Amino acid sequence: MRVAMLTGGGDAPGLNAVMRAVVRKAERVFGDECLGFLDGWKGAIEGRTVPMSVETMRGTLARGGTVIRSSRTNPFKIDGGPDKVKASLERLGIDALIAIGGEDTLGVANKLWEQGVAVVGVPKTIDNDLSATEMTFGFDTAVQIVTEAIDRLHTTAESHDRVMVVEVMGRHAGHIALWSGIAGGAAVILIPEEPFDIDAVCDALRRRHEKGSYASIVVAAEGATPKEGTMSLLTGETDQFGHVRLGGIGQRLSEEIEARTGYETRAVVLGHVQRGGTPTAFDRVLATRFGIAAIDAVHDGDFGKMVALRNGDIERVPLSAGVGELKLVDPSLYHGVAEFFFGG
Ligand code: F6P
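Within each chain, residue numbers correspond to sequence positions counted from 1 in written order. For this predicted model, a pLDDT threshold of at least 70 governs which residues receive local features, and a threshold of 80 or more governs which side-chain atom pairs are given and counted, while totals over whole chains, interfaces and linings are taken from all residues. Hydrogens are left out, water is left out, and the side-chain values use all remaining heavy atoms of the structure.

Time to look at the overall build of the chain. In this description a helix means any DSSP run of H or I spanning at least four residues, a strand means any run of E spanning at least two, and both kinds are numbered starting from the N terminus. A count of helical and extended segments in the chain gives 11 helices and 11 strands. What you see for the chain is a C-alpha radius of gyration of 22 Å, in line with the 20 Å of a compact globule of 344 residues. Overall, the C-alpha framework of the chain stretches about 70 × 40 × 30 Å when taken along its three principal axes. Here the chain holds 344 residues, and the buried ones make up 55% of them. By definition in these notes, contact holds between two residues if any of their heavy atoms fall within 4.5 Å. Within the chain, contacts between residues separated by at least 24 positions form 75% of all contacts whose residues are at least 6 apart in sequence. Each accessible area is a Shrake-Rupley estimate made with a 1.4 Å probe; only the visible protein chains count as cover when residues are assessed. Accessible surface for the chain amounts to roughly 14000 Å². Of this, 50% is attributable to carbon and sulfur atoms. Across the chain, the 36 positively charged side chains and the 46 negatively charged ones have centroids separated by 5 Å. Using C-alpha atoms as the atom set, the radius of gyration is obtained and then compared with a globule rule of 2.2 Å times the number of residues to the power 0.38. Summary of the burial criterion: residues with accessible area below 20% of their type's maximum are buried, those above 50% are exposed, and those between are partly exposed, where the area comes from a 1.4 Å probe applied to protein chains only. In this tally, Lys and Arg are treated as positive and Asp and Glu as negative; His is ignored, and so are the chain termini. Here the site of a charge means NZ on Lys, CZ on Arg, CG on Asp, or CD on Glu.

This is the structure we're talking about:
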């Protein structure tokens, strides 16, 4: 078979590990020929590919990013886009496509499957907010990076008697903020699922500082929002999937906290550092399992499916399940565990 792959949306550590696994089994077990579309759906529309083989994928297991690059191009927002993708597949003699991405990429894959394209999906997002799978690769790495950053921020915050507001990724769901905030001993964690009251945030910090603790870490997901629009936020442009470019909550919070409490406060935006660099061992293993499962699905002719982690096993679920509801944080982890340490 001739099997093509593409990676769409924001990159995540582990993408190369998925493709390395696909290629290894495709070539060595099934005798397939693999290739990659460059720049996500953009390359599929334009028919730009690179050959992918066991040899070209050597040394990529530990490498972050994606060797075939990514984009946020949506073929359904481009005139004739879906037909152009189908024409590329036809012209290149591709029998199956493995689309690796988050809800947007998998949403496109699902629509193309409904139009007759032989496609299998692999879920990816550092945000870990896809409900069809218990875990996406990249999340563990992001949490590790943020936790290490918080550990470092603790010592400088203590030295200067400051509040440090750490803005992390997560526009719809606060998994990264919650996990790293718990792991890093944050005094307050703010997530999109729980609109915050700035007065309560400041009270928690006062409680802590009045007890004699001279430094506090506030972890805020980029999508955290104040209750009833009490604080204005910066918003940016929108991509082809309708997502607004976020950023700014950390700085706004830091100004507000300093003004209300008088505690010197600094904002740190971790941004794309969270997505860069080498994947953790956990993410490499999960990505490898997903890659093997994806090429198996291709050879079973089980198209229109995505692979997913369920009860510790890799299963196949309809692509439509991957683009349904977002997986939000478990309220019991926020209220029953994290909140217990707020202002402590
Ligand atoms: O979708 C993954 C993600 O990392 C989000 O957490 C974040 O909001 C977004 O991508 C950032 O997108 P970009 O890399 O296009 O700025």
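Strand order in this open sheet of 7 strands is β3-β2-β1-β4-β5-β10-β11, and the pairing throughout is mixed. Two strands lie at the open edges of the sheet, namely β3 (49-52) and β11 (313-318), each paired on one side alone. When the angles between neighbouring strand axes are averaged without regard to direction, this sheet yields 30°. The criterion for strand pairing is that DSSP finds at least two bridges linking the strands in question. Relative to strand β4 (residues 96-101), strand β1 (residues 2-7) runs parallel, the two sharing 5 bridges. Each axis is a line fitted through C-alpha atoms, and for a helix only the stretch in contact is used; angles between axes span 0 to 180 degrees, taken between their N-to-C directions.

Here the focus is the sheet that holds strand β6 (residues 163-168). Spatially, the 4 strands line up as an open sheet ordered β7-β8-β6-β9, and their pairing is parallel. On the outer flanks of this sheet lie β7 (188-190) and β9 (265-269), each paired with one strand and no other. Strand-to-strand twist of the sheet, defined as the mean angle between neighbouring strand axes without regard to direction, takes the value 15°. Across 3 bridges, the pairing between β7 and strand β8 (residues 216-221) is parallel. Note on β8: the bridge partner recorded for Ile189 is Val219.

Quick look at the environment of Gly138 now. As for its placement among the helices and strands, Gly138 is situated in the loop between β5 (119-123) and α5 (139-160). Along the backbone, Gly138 and Val168 are 30 residues apart, and their C-alpha atoms lie at a distance of 14 Å. Among residues more than four places away in sequence, those in contact with Gly138 are Ala12, Pro13, Ile126 and Asp283.

As a further point, take the domain arrangement of the chain. Size of an interface: often given as the accessible area lost when the parts come together. If you check the domain split of the chain, you get domain 1 (2-138 + 279-323) and domain 2 (140-276). Facing 20 residues of domain 1, the contacting portion of domain 2 comprises 17 residues. Buried area: the sum, over both parts, of the accessible surface (1.4 Å probe) that disappears when the two are put together. Each partner contributes to the roughly 1700 Å² buried at the junction of domain 1 and domain 2, and carbon and sulfur atoms together form 52% of this total. Considering only the side of domain 1, the residues that lose the most area to domain 2 are Arg72, Ile126 and Asp127, jointly responsible for 33% of the buried surface there. In what follows, salt bridge is the name for a side-chain nitrogen of Lys or Arg lying within 4 Å of a carboxyl oxygen of Asp or Glu. If you look at where domain 1 meets domain 2, you find 1 salt bridge. Between Arg275 and Asp11 there is a salt bridge whose closest N-O contact spans 2.7 Å. In the analysis that follows, any N or O atom pair within 3.5 Å is treated as a polar contact, provided that within protein one partner can donate a hydrogen and the other can accept it, and provided that, for residues neighboring in sequence, both atoms belong to side chains. Here domain 1 is connected to domain 2 by 7 residue pairs in polar contact (both at pLDDT 80 or more). The element that contributes the greatest number of residues to the side of domain 1 that touches domain 2 is helix α4 (residues 103-114), accounting for 3 residues. Domain borders in the structure are assigned automatically or taken from a domain database.

By secondary structure assignment, the location of Thr136 is in the loop between β5 and α5. Engagement of the side chain of Thr136 in a polar contact is seen with the backbone oxygen of Thr125, the distance being 2.6 Å. Beyond its immediate sequence surroundings of up to four residues, Thr136 is in contact with Pro123, Lys124, Thr125, Asn128, Leu130, Asp283 and Leu286.

In this section: the side chain of Asp129. Residue placement: Asp129 occurs in the loop between β5 and α5. This buried residue, Asp129, is left without a salt bridge; Arg171 holds the nearest opposite charge, at 6.7 Å. Among all residues touching Asp129, those that are not within four sequence positions of it are His172, Ala173, His175, Leu326 and Lys327.

Between its first and last C-alpha atoms helix α9 (residues 281-299) spans 28 Å; for 19 residues at 1.5 Å apiece the expected length is 27 Å, and the two agree. One or two steps after α9, the chain reaches Gly301, where phi turns positive at roughly 70°. An expected span of 1.5 Å times one less than the residue number is assigned to each helix.

Here we come to the packing of aromatic side chains. Ring pairs are drawn from Phe, Tyr and Trp, using the six-membered ring of Trp, whenever the two centres fall within 6.5 Å, and their geometry is named by plane angle: stacked under 30 degrees, edge-to-face over 60, tilted for the rest. One pass over the structure, following the stated rule, counts 4 aromatic pairs. Measuring from ring centre to ring centre gives 5.7 Å for Tyr334 and Phe342, while their planes differ by 75°; the resulting arrangement is edge-to-face. Geometrically, a charge over a ring is one whose NZ (Lys) or CZ (Arg) sits within 6 Å of the ring centre while staying within 35 degrees of the ring normal. The ring of Phe76 has Lys111 lying over it, and the distance from NZ or CZ to the ring centre is 4.7 Å.

This next bit is on the packing of helix α1 (residues 15-28) against α9. It is the contact of α1 with α9, at a shortest axis distance of 7 Å, that shows an interaxial angle of 40°. One finds that α1 runs oblique with respect to α9. Once α1 is placed against α9, the crossing between them reads as right-handed. Across from Ala17, Val18, Ala21, Val22, Lys25 and Ala26 in α1, the residues of α9 making contact are Arg284, Ala287, Thr288, Gly291, Ile292, Ile295 and Asp296. Oblique is the label for every angle not falling under 35 degrees (roughly parallel), over 145 degrees (roughly antiparallel), or within 65 to 115 degrees (roughly perpendicular). Each helix crossing is assigned a hand: it is left-handed if the near helix lies turned anticlockwise from the far helix by less than a right angle, otherwise right-handed if that turn is clockwise.

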